[in-house]
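Descriptive structure summary
Below are the chains, spelled out letter by letter.
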Amino acid sequence: MRVGCPREIKNHEYRVGLTPGAVREYVAHGHEVIVETMAGMGIGADDAAYQAAGAKIAASARDVFARADMIVKVKEPQPSEWAQLREGQLLYTYLHLAPDPEQTHGLLASGCTAIAYETVTDDRGGLPLLAPMSEVAGRLAIQAGATSLQKANGGRGILLGGVPGVLPAKVTVIGGGVVGLHAAKMAVGLGADVTILDRSLPRLRQLDDIFNGRIHTRYSTIEALEDEVFSADLVIGAVLIPGAAAPKLVTREMLSGMKKGSVIVDVAIDQGGCFETSHATTHADPTFEVDGVIHYCVANMPGAVPITSAHALNNATLVYGLMLADKGLKAIAENSHLRAGLNVHRGRITSRPVAEALGLELAEPDLALKVA
Ligand SMILES: NC(=O)c1ccc[n+]([C@@H]2O[C@H](COP(=O)([O-])OP(=O)(O)OC[C@H]3O[C@@H](n4cnc5c(N)ncnc54)[C@H](O)[C@@H]3O)[C@@H](O)[C@H]2O)c1
């Protein structure tokens, strides 16, 4: 198959759909890979690195879209990109179609077959192509929080790990999933006093085992939440109720009980945030203050570290990407996890949550594939 990778054009997106390492794998499977010139510059990979991996360099995105049978990207296609997709072409990328009718209609009109990274599943019921970005965001949350806690940045002026003879900072993590686990790992590594709250007792048991007594776990009730948020220097918001907006667990009134100069990092902001006072910010202007509490609410945290994020993403996308390139539509028909990722096929919506969110007719993926 001819696999194409255009340069990302969304504002401040520096990741790339295929790293040179991934290109080598596709080439080793007998595929021809076409990469747009400069596509990897954001991760420090120049055209020569891609050529050395076996890719052909295309002068423009137009060239990539015109020649490739399968397009591998990172972010959802922008209007100029979906206009270049065509019937029979495979698109493999993050899509987030449910809140985006314009893009959905663009993809439907193109006739392409689109697999959304965020809905591909695995045997353990997880979302393996979403998890690496949660790992990055969780780890980054502590770096961002530690920086915001510095006095010159508006914070209380406390070092997460303290020093011998001085107590460390208190970090409260709300939601002990992928983001929460990785935030806690970084906070523990820096010597902070860490508490994780979650609504899942099995998950709290698992976290207790993982950290072997090095963190506190607490069942998330209103009372427990207030205790932990009021005494914290840094609070990480990391809850997720799949498919739903994040619950507003920390209200505006609760903020007045928090320490002045304490910091909130609301990682769940991409689902609306779990603090009532949160609103999405950007890397260019990441924080704001409400009632003396610093809020960091960047909706695309992994974008700050494109080298780590692009490699982490490619590690996760490669295995399914190779299946798609090797077998085309047959791979989707044979593999239930790829079928879960199928959102659009030849002008029809094949994802139930997307169809329901946008009031469009659903075509069951296996039936849609048979008809085609
Ligand atoms: N801002 C960013 O750049 C960025 C990047 C990656 C992920 N995220 C977001 O971070 C959030 C967390 O993602 P994840 O991968 O860790 O999800 P996850 O499903 O792995 O974990 C969510 C956890 O929240 C817990 N939870 C649910 N309700 C709760 C409650 N009332 N109190 C306490 N815990 C509760 C769940 O039991 C689960 O353990 C998601 O909204 C995700 O989209 C944001």
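- As recorded by an unreviewed UniProt entry, the chain carries the name Alanine dehydrogenase and is attributed to Hoeflea marina.
- UniProt annotates the chain under Catalytic activity (unreviewed entry) with the comment "L-alanine + NAD(+) + H2O = pyruvate + NH4(+) + NADH + H(+)".
- Taken from UniProt, the Sequence similarities (unreviewed entry) comment for the chain reads in full: "Belongs to the AlaDH/PNT family."

Points about the sheet that holds strand E1 (residues 2–5)
- Spatially, eight strands are ordered E3-E2-E1-E4-E5-E6-E14-E15 in an open sheet, and the strand pairing comes out mixed. The sheet terminates laterally at strand E3 (56–58) and strand E15 (348–349), the two strands that pair on one side only.

Brief notes about the domain arrangement of the chain
- Annotation of the chain at the domain level lists domain 1 (2–127 + 307–371) and domain 2 (131–304).
- The gap between the C-alpha centroids of domain 1 and domain 2 is 32 Å.
- Counting from both sides, the interface comprises nine residues of domain 1 and, opposite them, six residues of domain 2.
- Summed over both sides, the interface between domain 1 and domain 2 buries roughly 640 Å², with carbon and sulfur atoms accounting for 56% of that surface.
- Together, Arg15, Leu127 and Ser309 form the three largest contributors to the area buried by domain 1 at its contact with domain 2, with a combined 45%.
- There are zero salt bridges connecting domain 1 and domain 2.

Here we look at unusual backbone geometry
- Within the chain, His96 stands out as a residue other than glycine whose phi angle is a positive 45 degrees.
- By the secondary structure assignment, His96 is in the loop between strand E5 (90–93) and helix H5 (101–110).

Some points on the pairing of strand E9 (residues 216–219)
- Examined bridge by bridge, strand E8 (residues 193–198) and E9 share four bridges and lie parallel to one another. Along E9, the bridge assignment pairs Ile196 with Thr217.
- Where the polypeptide runs from E8 across helix H8 (residues 201–211) and back to E9, its parallel neighbour, the crossover connection is right-handed.

Each value, and the rule that gives it
Residues numbered from 1 in each chain as written. Predicted model: local features only at pLDDT ≥ 70, side-chain atom pairs only at ≥ 80, totals over all residues. Heavy atoms only, no water. UniProt positions renumbered as here; feature names shortened; annotations may be inferred. Pairing = 2+ DSSP bridges. Helix = DSSP H or I, 4+ residues; strand = E, 2+ residues; numbered from the N terminus. Domains from an automatic or database assignment. Contact = heavy atoms within 4.5 Å. Buried area = accessible area lost by both parts, 1.4 Å probe. Salt bridge = Lys/Arg side-chain N within 4 Å of Asp/Glu carboxyl O. Right-handed = clockwise from strand over helix to strand, strands pointing away.

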